[in-house]
Every structure is written in structure tokens, then in C-alpha cells.
Amino acid sequence: MQVTSPLRETLITKGKTVHDITEDICRQVEGKPTKSWMIGMAISLGILAIGAYAVFALLWEGIGVWGMNKTVGWAWDITNFVWWVGIGHAGTLISAILLLFRQKWRMSINRAAEAMTIFAVICAATFPMFHMGRLWIGFYWALPLPNAFGSLWVNFNSPLLWDVFAISTYFTVSLVFWYIGLIPDFATIRDRATNKISKAVYSALSFGWDGAAKTWMRYESVALILAGLATPLVLSVHTIVSMDFATSVIPGWHTTIFPPYFVAGAIFSGFAMVLTLMLVTRKVFKLEDYITIYHIELMNIVIIITGSIVGVAYITEFFIAWYSGVPYEQYAFINRAFGPYNWAYYTMMTCNVIAPQLFWFKKIRTSIVSTMVISIIVNIGMWFERFVIIVTSLHRDYLPSSWVMFYPTKYDVGVYLFSFGFFFTAFLLFSKFFPVLNMAELKSIVKSSSEKK
Amino acid sequence: MESGKNFVLGIYNDEDVLLEAVTKVRESGVKIHEVYSPFPVHGLEDALGYKRTRLPIAAFMFGLLGTSLALTMQTWMLGVDWPMIIGGKNFISLPPFIPVTFELTVLLSALGMVATFMIVSDLKPYKKPRMFDIRSTDDKHVMAVDLGSNNLSKAEIGKVLNESGASEVNDKNFD
């Protein structure tokens, strides 16, 4: 039997019982959409429509409508790709790594964070696909499929191909992990459903779950092993994304520090996005008793740690560029800090290195307003980090006659908006029709971690 | 009496009471059909005397399959079927094959294990579960005792369940 210390941190406030959890989480699934949800949905669909026009124009005309040129071959598209993949790291980190460390506070945020992961990875994957230009034949370029050229196979030595495998595996495993967790909660909704349609839908989704002790035993074992598999997986994904750059010979990209630096940055931006979304969700769905200030504080502490790692990585890059004695490498970094894109560089530095340090003050890291503001600042900063790495390393290459600037066109902006539209539409649909918190897991900690009345 | 049709249910409110009850009920010689809970109760599988699941072995086997498939595929494609000089490296060079091998190991291990779990637990869309008491997906733990596989009478079993701390004792009959 599990022995629980009486000195546990309170994770659920106001003396919620097991039945209260069912009521509180099922309420928005069963009720009519609220007005704020409808407004959010209308805005998201509007953004999606504008973005869809940009995507249509892109596919019709080709990627020439983007602002890239022969010197800057990767720009907003790959920036957005890396940014979205980074955001997609928090969900599996929370549910897998924190499960292995038995951190019970994960239970209030893992469901929504995993949903966010899945939608963010979908957004990310669209960018390299659009970048291929003719994405309808992209399968032959990206997957080892037999073809009419002999078969001419894909190049397994290429980090871009590793990326295909890493992202698709990460997406699949995250989706499966998320869905396994959802099954018991769907069963709860199924057994409460009063109308015919929701009964049919949720009984299909719940896979005939009955909560038998034997099934729970297997379920726990599956969850633990999936966590064990997902932990190295989540670390491998951004490592491989960073190798897209690190294994090249471009000054500014060709650095061995990239894998850990990218992984820390991914966790950093992922947690920031989780905070942004959860602060809104908790307010709109009245989940303040489940996502408490204590949860927010813990997430802010993760942001301080990863933000500091990222800061150290920025400084290390500069030191190594100087210490290497390679003039091209040194120029790439001098150009970052003092060249025409230095505004982007200082935006990145301010948002990623200075802003999160404010969380050292307890008042700031336990305040909802400042957490919201800093979480958005961090995500802006992380977008600029990828922009700085990609564009400033490319725009002044070896031949000064081909030095150029990159200017985004409305299609660059439009396709980025498309990903936002998709992301928020998907998240709003999730938050309305799926249980936003993991009911079954929360119920298991009611006795040990719920505030006594 | 035919088994699998007529049940006595003990409803429990608290997981710790349930854990002790399972031990008590089993000691008094009553065979428990199954316990249904809204959340995983730690130690319940030991109290019920279930053998440890062998799903970890399945996961390992599927992982092994993924590793060997990935290595075979890459070696055959780039080493045998169409050898190509890429960056002056060997046709078959192991280090660049590792990332894809790792990803396929994780992928096959995860999908294989989950598929095995679905099959052994008989989880599938549109399966209609046999719910003893629908409160078992809300906040109650339901212990089901099959009258057909116990020699004791309904009243005797009800008494054992009551004494073990059940908040209610109900009948459930399936046609």
C-alpha cells in the first residue's frame, strides 16, 4: 500500500471531492459553448481563413511568393517550423519526464499541454512541407518508398531525413500517449451522457473502457513505459532539429553546442506557451482550484532554469566563436550583434535572457498578470532566436557581392497566420469537447493532495 | 447457478477501505469477479492477487523488431540496392544510421505495446462495455462478486461485503 506523508503540498484547493472533479471537468463538455468560447472560435476561424488564402496562393504560385532569395534560402518558414516544434516539446516533457520523476503537479496540466504539443507539431510539420514546393510529391522525397527511378532511395545520411523520422515518430507517440490517457475520461463522459449523439460519440471514443482493476494495472504499465520511451524521444527530436543546422558547414550553425541549447530552448518556449494557454483556460473554465498559483509558480521556476541555460548558451556561442580563431565564424557572430539585424538579436536577448530572470522575485512568479506577460514575451523572444540563427547566419555569406537582406512578404505573414489559426481552432475544439484536465489522474490524488475543508 | 450472469456488488467510497476490503473478502473465501474503479488504485492488483503484466516484455520485443528493421532497411537500401558515395563516407556507415534506428525503435515499441494492450484488454471503438454500476467511472469503487462461481448464498456474500466496509450492497443481473 502506498504510504503518503501528511505534509504534501496542496494541489487541489477548496476541498474538492472525487465527484466534484467529475462535475467540474465535465461541465463545459456537456454544457452549451460559452460566449467567450464562441468569440475565440470566430477570431481563430477568421485568422485561419486569411491564412488559408495565403496557403492557396503559395501552392498555386510556388514558394517564390515568399521573400526568400538565392542567399537567404531558409527564412520565416524554417523559423516557424523550429518555433512550433519547440513549443511542441512541453506537453510530452510534462507528461513523460514529470511522470518518471513522480511530480504530481503535472496532473493538472498534462492533458492540455499534450493537446498543445500535438497541434503545435502539426503546425510545425506544415512548414517544411510547404517549403518543398510541390508537397503532393513530397512523400517520395521524404520517405523511403519504392519509386520509378530504380528505386532511388532517400539519403539516410542527411539530418533533414532524420528530422522526417523524428517529427513523425514524435507526433505518433505523443498522440498515442495522449489518447491512452483520454480513454478513461471519455468513459466518464459516456456514462454521464444524456443525449443520443454524445452517447454514441463518446462510447466510440472510450473504446469500451470499464475501469476493471486488471485493465488499470495494464494501463499503468503502458503509461510508465510510454513515458520511458517518450523521454529520450522528446530529447532526440530537438537534438535532431538542431542537427539540421549543426551538421552543416555554415558559420553560425556549425556548432556542437546546438543539441542541448535547442532542447533547453524548446522546453523554455513550450512551458511559456503552456502558461499562456492554461492561464486563459483556467479563467474561462473556472479551474482555479485545480491549476493553482502553486502550479504556476512551479512552471515559472522551469522557465527560469531553461531560460538561464539558453542565456549561458548564447554567451558560450560568442566565446567559442572568438576562441575558435576562425574569421568566418567570428564574423557571423559580430554580424549578429552589430550588423543590420542587430535589432532582432537584442529583441531575442531581452526577451529570453533578461525577462525570465524577473521570476526570481516571488511576487512576480506568483502573479498571474506578470506570468501572462512574460510567457508571451518569452515566445516572442524564442521566435526571434530562430530568426537570428537562420537569417543572420545566411544573409552575408562567403561572397560579399551576394550579401542581401531578407524582407518578408504578405505570404510569409499569411502562412504564419495560417498556423496560428489552425492551432487556436484546434485548441478551442479540444477544450470544448474533450476533458481539459486528466480526471482519472486527479481523482487518484484527491486523498493525498486535496485541501481539507 | 450459471456463472457470469448474477452478481452481488459492493460499492466503496474510499480507496483505502476498498484495499482492506479486498483482502478481507478474499480471506473469508469469497471469489471476487473484478473490481471497477474510476482511477488506478495502487496495490489493488496485488490485493486481488493478479500476476504482473507482461506488457513490458512485449514493448521490448517490438523495440527490438524496430531496431533490426531500421538497420536492415538502411543497410540494404544504401549499401546493397543502390550504393552511392555521399560525402566520401562508406556505403554502410553506422553513425548516420543511428537517429533513424532510434526513432523506429521507439515508434515500433510504443505502437506495438499499445496495440497489444488494446487487444489483451479488449478495448476497441463501439465495444459496449458491461457496466455493473455507472458510478464506477465517476467516484465509486465497485466490487463484483459472481454468484455462479461462489458456493455461498447471496445473503452470505452480502454480509461479507457489508462487514468489509461497503457503503451499499446491490444485486446486478444480466440476461
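Here the structure is a predicted model, which means the values were calculated and not measured.

Colleague: Would you explain the overall build of chain B in this entry?
Modeller: Scanning chain B from N- to C-terminus turns up five helices and four strands. The secondary structure elements of chain B, listed N-terminal to C-terminal, are β-α-β-α-α-α-β-α-β. Computed over C-alpha atoms, the radius of gyration of chain B comes to 25 Å, more than 25% over the 16 Å expected from 2.2 N^0.38 for 175 residues, which places it beyond the range of a compact globule. Counting only C-alpha atoms and orienting by the principal axes, one finds that chain B spans roughly 80 × 35 × 30 Å. Counted over contacts in chain B with a minimum sequence separation of 6, partners at least 24 positions apart contribute 76%. Accessible surface, chain B: about 9,000 Å² in total, of which carbon and sulfur atoms supply 58%. Computing the positive centroid from 17 side-chain charges and the negative centroid from 21, chain B places the two 5 Å apart.

Colleague: What is the right way to look at the sheet that holds strand β2 (residues 34–36) of chain B in this model?
Modeller: The pairing of strands in a sheet comes from backbone hydrogen bonds and takes either a parallel or an antiparallel form. Residues and elements named next belong to chain B. Read across the sheet, four strands follow the order β2-β3-β1-β4 without closing on themselves; strand pairing throughout is antiparallel. This sheet does not close on itself; its edge strands, each paired only once, are β2 and β4 (168–173). Going from strand to strand, the sheet's axes swing by 25° on average, the running direction of each strand aside. With six bridges joining them, strand β1 (residues 6–12) and strand β3 (residues 141–146) adopt antiparallel strand pairing. Bridge pairing in β3 places V8 opposite V145. Sheet contacts for helix α1 (residues 15–27): β1, β2 and β3; angle to β3, the most-contacted strand, approximately 15°.

Colleague: What is the right way to look at the packing of helix α3 (residues 76–87) of chain A against helix α10 (residues 258–284) of chain A in this model?
Modeller: The packing of two helices is summarised by the inter-axis angle and the distance between the axes. All names here are of chain A. Following both chains from N to C, one finds α3 and α10 inclined at 70°, their axes separated by 7 Å at the closest point. With respect to α10, the element α3 is oriented roughly perpendicular. Residues V82, W83, W84, G86 and I87 of α3 form the contact with α10, whose own contacting residues are F262, A266, S269, G270 and M273. Taken together, the residues of the contact of α3 with α10 break down into seven nonpolar, three polar and no charged.

Colleague: Help me understand the packing of α3(A) against helix α9 (residues 213–246) of chain A in this model?
Modeller: Residues and elements named next belong to chain A. Two numbers describe how α3 lies on α9: the axes approach to 10 Å, and their chain directions differ by 160°. Judged on the interaxial angle alone, α9 and α3 are roughly antiparallel. The element α3 and its partner α9 pack so that their crossing is left-handed. Of the residues in α9, those touching α3 at I78, F81, V82, V85 and G86 are V237, H238, V241, D244 and F245.

Colleague: What should I look at first to understand unusual backbone geometry in this one?
Modeller: Most peptide bonds take the trans form, and the phi angle of most residues other than glycine is negative. All names here are of chain A. With omega at -15°, the peptide bond leading from G150 into S151 counts as cis. Structurally, S151 is set in the loop between α6 (138–142) and α7 (159–192). For F207, which is not glycine, the phi dihedral falls at a positive 55°. Along the chain, F207 turns up in the loop between α8 (196–205) and α9. On the basis of relative accessibility, which here comes to 16%, the residue F207 falls in the buried class.

Colleague: So what exactly am I meant to see when it comes to the pairing of β1(B) here?
Modeller: The side chains of a regular strand alternate between both faces of the sheet. Residue and element names in this part refer to chain B. With respect to burial, β1 is a largely interior element, six of its seven residues being buried. Across six bridges, β1 lies against β4 in antiparallel orientation. Across the sheet, F7 pairs through a bridge with K172, a residue of β4.

Colleague: So what exactly am I meant to see when it comes to helix α4 (residues 90–100) of chain A here?
Modeller: Structurally, the α-helix is built with 3.6 residues per turn, so residues lying three or four positions apart point the same way. Residues and elements named next belong to chain A. When you tally the buried positions in α4, you get ten out of eleven residues, the bulk of the element. Burial in α4 covers these residues: A90, G91, T92, L93, I94, S95, A96, I97, L98 and L99. Residues of α4 that are buried sit in contact with α3, α5 (110–131), α7, α9 and α10. In the segment just after α4, R102 is the residue with positive phi, at about 55°.

Colleague: What is the right way to look at the layout of surface pockets in this model?
Modeller: Empty space among the atoms becomes visible once a probe the size of a water molecule is rolled across them. Residues and elements named next belong to chain A. Roughly 1,000 Å³ of volume is contained in the second largest pocket. Lining the second largest pocket are 35 residues, and of these P128, M129, M132, A142 and V164 lie nearest its centre. The set of elements that each furnish at least two residues to the lining of the second largest pocket consists of α3, α5, α6, α7 and α9. Of the residues contributing to the lining of the second largest pocket, the split by class is 26 nonpolar, seven polar and two charged.

Colleague: I keep staring at the packing of aromatic side chains and nothing clicks. Help me out?
Modeller: Overall, the coordinates contain 55 aromatic pairs over all chains when judged by the stated rule. On the basis of an interplanar angle of 45° and a centroid distance of 6.3 Å, the ring pair of A:F156 and A:F165 is categorised as tilted. This pair shows no difference in class: A:F156 is buried, exactly as A:F165 is. Taking the centre distance of 6.5 Å and the plane angle of 55° together, the rings of A:F387 and A:F406 count as tilted. Of this pair, A:F387 sits in helix α15 (residues 368–394) while A:F406 sits in the loop between α15 and α16 (410–433), placing them 19 residues apart in sequence. Comparing A:F387 with A:F406, the two get one shared label, buried. The cationic tip of A:K214 hangs over the ring face of B:Y50; the distance from NZ or CZ to the ring centre is 4.6 Å. We note A:R336 situated over the ring of A:F333; from NZ or CZ to the ring centre the distance is 4.5 Å.

Colleague: Teacher, can you tell me more about the domain arrangement of chain B here?
Modeller: Put simply, an interface is often sized by how much accessible area is lost when its parts join up. As far as domains go, chain B holds domain 1 (6–51 + 130–173) and domain 2 (55–120). One C-alpha centre belongs to domain 1 of chain B, the other to domain 2 of chain B; they are set 45 Å apart.

Colleague: What is the right way to read empty space enclosed by the protein from this model?
Modeller: Residue and element names in this part refer to chain A. In the structure shown here, the tally under the stated rule is one cavity of 30 Å³ or more. In this model, the largest cavity occupies a volume close to 30 Å³. As for the largest cavity, its lining consists of Y261, Y314, E317, R336, Y345, M348 and I389. Elements supplying a minimum of two residues to the lining of the largest cavity: α11 (293–324) and α13 (342–354).

Colleague: In this structure, what is going on with the side chain of A:K432? I would like to understand it.
Modeller: Residues and elements named next belong to chain A. Within the secondary structure, K432 is located in helix α16. Buried charge without a salt bridge: K432, with E30 as the nearest opposite-charge side chain at an N-O distance of 9.1 Å. Side-chain polar atoms of K432 contact the backbone oxygen of V29, separated by 3.1 Å. Excluding residues that lie within four positions of it along the chain, K432 makes contacts with Q28, V29, G31, K32, P33 and W37.

Rules behind the numbers
Residues numbered from 1 in each chain as written. Chains lettered and ligands numbered in written order. Predicted model: local features only at pLDDT ≥ 70, side-chain atom pairs only at ≥ 80, totals over all residues. Heavy atoms only, no water. Helix = DSSP H or I, 4+ residues; strand = E, 2+ residues; numbered from the N terminus. Rg over C-alpha atoms; globule rule 2.2 N^0.38 Å. Contact = heavy atoms within 4.5 Å. Areas by Shrake-Rupley, 256 points an atom, 1.4 Å probe, with all protein chains shown as cover. Lys, Arg positive; Asp, Glu negative; His and termini not counted. Charge placed at Lys NZ, Arg CZ, Asp CG, Glu CD. Pairing = 2+ DSSP bridges. Axes fitted to C-alpha atoms, helices over the stretch in contact; angles between N-to-C directions. Parallel < 35°, antiparallel > 145°, perpendicular 65-115°, else oblique. Nonpolar A, V, L, I, M, F, W, Y, C, P; charged D, E, K, R; others polar. Left-handed = near helix turned anticlockwise from the far one by under 90°. Buried < 20%, exposed > 50% of the residue type's maximum accessible area, 1.4 Å probe, protein only. 1 Å grid on protein atoms, 1.4 Å probe; cavity = no way out; pocket = protein on both sides within 12 Å on 5 of 7 lines; lining within 4 Å. Points joined across faces, edges and corners; volume = space filled by probe spheres on them. Phe/Tyr/Trp six-rings, centres within 6.5 Å; stacked < 30°, edge-to-face > 60°. Lys NZ or Arg CZ within 6 Å of the ring centre and 35° of its normal. Domains from an automatic or database assignment. Salt bridge = Lys/Arg side-chain N within 4 Å of Asp/Glu carboxyl O. Polar contact = N/O pair within 3.5 Å; in protein donor to acceptor, adjacent residues only side chain to side chain.

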